[in-house]
Structures are given as C-alpha cells and as structure tokens.
Amino acid sequence: MNRMFKTLIAACLALVPGVALAQDAAPTLDSGDTAWLLTSTALVLFMTIPGLALFYGGMVRKPNVLTMVMQSFAITALISVLWVVVGFSLAFGEGNAYIGDFSRAFLADVTVDSLSGSIPESLFIVFQMTFAIITPALITGAFADRMKFSAMLLFMGLWSLIVYAPVCHWVWGGGFLGGDGVLDFAGGTVVHINAGVAGLVAAIVLGKRKGYGSSDMKPHNLVLSVIGAAFLWVGWFGFNAGSAAAANGSAAMAMLVTQVAAATATLAWMFVEWGVKGKPSVLGAISGAVGGLVAITPAAGFVGIDGALGIGLAAGIICYFASTTLKHALKYDDSLDVWGVHGVGGIVGAILTGVFAREAIGGTAGALEGNIGQVWTQIWGILATIVWATIGTTVILYVVKAIVGLRVDEEAERDGLDIALHGELVQ
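Conventions adopted
- Residues numbered from 1 in each chain as written.
- Predicted model: local features only at pLDDT ≥ 70, side-chain atom pairs only at ≥ 80, totals over all residues.
- Heavy atoms only, no water.
- Helix = DSSP H or I, 4+ residues; strand = E, 2+ residues; numbered from the N terminus.
- Rg over C-alpha atoms; globule rule 2.2 N^0.38 Å.
- Buried < 20%, exposed > 50% of the residue type's maximum accessible area, 1.4 Å probe, protein only.
- Contact = heavy atoms within 4.5 Å.
- Areas by Shrake-Rupley, 256 points an atom, 1.4 Å probe, with all protein chains shown as cover.
- Axes fitted to C-alpha atoms, helices over the stretch in contact; angles between N-to-C directions.
- Parallel < 35°, antiparallel > 145°, perpendicular 65-115°, else oblique.
- Left-handed = near helix turned anticlockwise from the far one by under 90°.
- Nonpolar A, V, L, I, M, F, W, Y, C, P; charged D, E, K, R; others polar.
- Salt bridge = Lys/Arg side-chain N within 4 Å of Asp/Glu carboxyl O.
- Polar contact = N/O pair within 3.5 Å; in protein donor to acceptor, adjacent residues only side chain to side chain.
- Phe/Tyr/Trp six-rings, centres within 6.5 Å; stacked < 30°, edge-to-face > 60°.

## A word on the overall build of the protein
Assigned secondary structure in the protein consists of 17 helices and two strands. Taking 427 residues into account, the globule formula puts the C-alpha radius of gyration at 22 Å, and the protein, at 22 Å, falls close to it. Along the first, second and third principal axes, the C-alpha atoms of the protein reach 85 × 45 × 35 Å. In the protein, which comprises 427 residues, the share counted as buried stands at 54%. Contacts in the protein between residues far apart in sequence, at least 24 positions, make up 78% of those at least 6 positions apart. Total accessible area on the protein stands at roughly 17300 Å², and carbon and sulfur atoms take up 69% of it.

If you want it as structure tokens, here you go:
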C-alpha cells in the first residue's frame, strides 16, 4: 500500500512542469563515474610523462635526449599552471561561439561540491588539463634538435592560450563547430590536427636541422621509444574511453574500438613497410600504433568494430606514406613526424568518423547510414582547425623570434642541446 502511495505521488509530481524540471536539473555525483574519470585523468597524464617523453626521447640523437624529455616535463608544469589561471576559462567559459571568457579565471566558483554532470567539476577541470598538456607537448617532436628552451617555453605558453583554447572551445566548450555538428569524441581536431599543423608550421619556420639528409640522424635508443609507445597505447584508454565522462557502455565501446584500431594500424604500417623496404622496422610498428590511436580518437564514441578496422587500416597506410613519400617529396624537416602521424592521422580519423558513425552508438548517423552530409561537416571542422592553427602558430613563432630568437646557434646544434641548454649529458 505504501509503495502504491509513493508511486501515485511521484506520478502526480511528474505532471507538474516546474517540479519535473527541478528534478531533472539536479545533478548528483556518481561514484562509479568519478572513479573512472580519476583513473582516466591519471592515464592521460601518463601519456605525456613518461609516455611521450620516452617515445620522443628515444628517437633523437643521444646528445639531445635530455632536451626532449625535459620539454615534455616542463610543458606539463607550465600548462598546468596556465590552465587553472586562465586556460580553462578561455576554453570552457560561456563567452561566445569563438572563445570563452575570463569568468572562470583562477577557477572562480569551483568548490569541493560543485559538479560537472555526475563528476566533481574539479575532476573535469584536471581531466581537460591533461589534454591541454599533451597537445603542445606533441608539437616538440616536429622541431626536435634545434629550438631554444626559452623560445619553446614562450611559444608553448602563448600557443596553448591563443590556438589550443579557442579550438577546444569551438568543439567542446559550446562553440560554433560543436554547434554545427562536428563530431570529435576525444580530440581529433582539438588535439591532433591542431598539434600536427602547428608542428609542420614550426618545422618550416625554423628550417631544417644542420646535416639533415647527409648526416646520420637515426634514433639513438628505440627501446626507450617502444616503452614510450606502449605507455601511450595504455594511456590512450583514458584519453578515449575517459571522454565518455562516465563508466558506461559508451566508455567500454570506446575502449574496444581504440584497441582494435591501434592493432590494425600497427599491422597495416608494418606490412606496407615490409613490402616497400623489405623489412618491418620497430620504429614503423610503433609509429603505426600511434597513427591508429590518433585516427580513432575523434571516432571512438561514434563507431563500431567496422569503423575501428576501417579507420585503423586507412591510418596505418596513409600515415606511412605521409611520413615517408610525402615528407621526402616536399623536403620539410618534421623531425619525428608530428604532421605525418598526428596531423594526417587526425584528418583521416575525422573524415572517416563521418563515414562510419553509427546512430545507435553515438546518436549520429554517418555516410554508411545515409547521412553523407556528416562527411562535409567533418571536413568543415578540419578546415577551420587547419586555418586557425596555421595562422596562430605562424604569428606566435615570429613574435617569439623577435623577443628571444627561435633557434640555437650552430655550435650548440652540432654538439648537442643537452649540454648547451641544460649543462647535462647522458653517459
């Protein structure tokens, strides 16, 4: 009888609009979602330090390895501070369709009890912080062996506020690309195309490394790079599955397609290289894995296994040729293939998200389900990101050049940046 009475009361309250809206509008903390996002945040930070630091550190020459790992470490510290001071506010403040505002500067109004959906708002802030950290850190691979440490810090600080924060707002913070229906589950445009374009621009503006094309610039320790790539692969589950912002079926599907796409891309790059060069290289295998992880990132919450297989296959093949044939044909010195893997991989993934998206998975149909227009929407998002990243990065680089200069001197570049910039060497 008591249960019937409670059911009747609840039904009556539901008929009163004000009460129903009040009930719907009251978010509550979910301990499962919170636990998963805490884990995901740690995994994404793990991608930069030590993952990316080791991945890049092993691929440069020995006299520059400390410089590479130091760049990832210093960027982690720098962006963490900038994010809480103003970066988060510019990315997720209400603002307008193009940029946030300063209403959340220094995390105004954030308390221990404030929520973002079913998780603490403070957790959402630090989760997004880890994305803001790894994006500029990715760029360092493009200008490896030749940028001043002071220039790197100034460039990264400005870039995170002027380029990264607006694009983040466009897609995830209530801006125009999200409003236009661009699909980017975990950072195809915001992170990878953004960083890839910036890396290419930086490589071109700084110019080629001394001895590029004539001196031996092979990786000094691929074991470090394999360990770094493995850390990236594991951490990527936080990157993609964590972007569901809940411990639910969407997170589980994102994890599954991430694993399948990475594995497929690894095999695709490996077999293509095997056919072209006669041997499958370790560097190629780990590069293929990262290319697959990059490409599935925008699609992770929208596609099924067919999408994971298709995106992984395309990424492995296309990123291989972008990092070899295209790079050699155009003669730019993108030291560690930031454009070839992250820029091109991000573009491949963003476009194919529009092809393979399933309404039953992410709520939006793609071209295979009759919504061909989604492909054009994805291309619009790609073009907007490329234009802004190109303009913003170019301007920032020339401003930094005017203030502190960009490139180390010839002697430092010849002897190695570790001793010249940091006074230390790996024995």
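## Some remarks on the packing of helix H3 (residues 31-59) against helix H4 (residues 65-92)
At their nearest, the axes of H3 and H4 sit 8 Å apart, and the two run at 160 degrees to each other. With respect to H4, the axis of H3 lies roughly antiparallel. Both H3 and H4 take part in a crossing whose hand is right-handed. Packed against H3, whose contacting residues are Leu 45, Thr 48, Ile 49, Leu 52, Ala 53, Tyr 56 and Gly 57, the element H4 presents Val 65, Met 68, Val 69, Ser 72, Phe 73 and Thr 76 at the interface. Taken together, the residues that form the contact of H3 with H4 break down as nine nonpolar, four polar and no charged.

## Here's the deal with the pattern of salt bridges
Applying the stated criterion across every chain, the model contains 10 salt bridges. Across the salt bridge formed by Asp 306 and Arg 358, the nearest N and O atoms sit 2.3 Å from each other. Of this pair, Asp 306 sits in helix H12 (residues 305-330) while Arg 358 is found in the loop between helix H13 (338-356) and helix H14 (359-362), placing the two residues 52 residues apart along the sequence. For Lys 327, the salt bridge is made with Asp 337, and the minimal N-O distance between the two is 3.0 Å. Here the residue Lys 327 occupies a position in helix H12, and Asp 337 occupies one in the loop between H12 and H13, the gap between them amounting to 10 residues. With relative accessibility at 7%, the residue Lys 327 sits in the buried group. Bridged by salt links that share partners, the residues Arg 61, Asp 145, Arg 146, Arg 209 and Asp 333 form one connected network.

## A closer look at the environment of Asp 415
For Asp 415, the position within the fold is in helix H16 (residues 410-415). Take Asp 415: its relative accessible area is 40%, and that puts it in the partly exposed class. In this structure, the C-alpha to C-alpha distance between Asp 415 and Phe 149, residues 266 residues apart in sequence, is 16 Å. A polar contact is formed between the side chain of Asp 415 and the side chain of Arg 414, at a distance of 3.4 Å.

## Observations concerning the packing of aromatic side chains
Considering all chains together, one arrives at 20 aromatic pairs under this definition. An angle of 75 degrees between the planes, with centres 5.1 Å apart, marks the rings of Phe 92 and Phe 124 as edge-to-face. Pair noted here: Phe 92 is in helix H4 and Phe 124 is in helix H5 (residues 121-139), with a separation of 32 residues, a long-range link. A connected cluster of aromatic rings, assembled from ring pairs, spans Trp 83, Phe 88, Phe 92, Phe 124 and Tyr 164.

## So, the packing of H4 against helix H6 (residues 149-172)
Between H4 and H6, the shortest axis-to-axis distance is 9 Å and the interhelical angle comes to 40 degrees. Classified by the angle between their axes, H4 and H6 sit oblique to one another. The way H4 lies across H6 gives a crossing that is right-handed. When the residues that make up the contact of H4 with H6 are grouped by side-chain class, the tally is 20 nonpolar, five polar and no charged.

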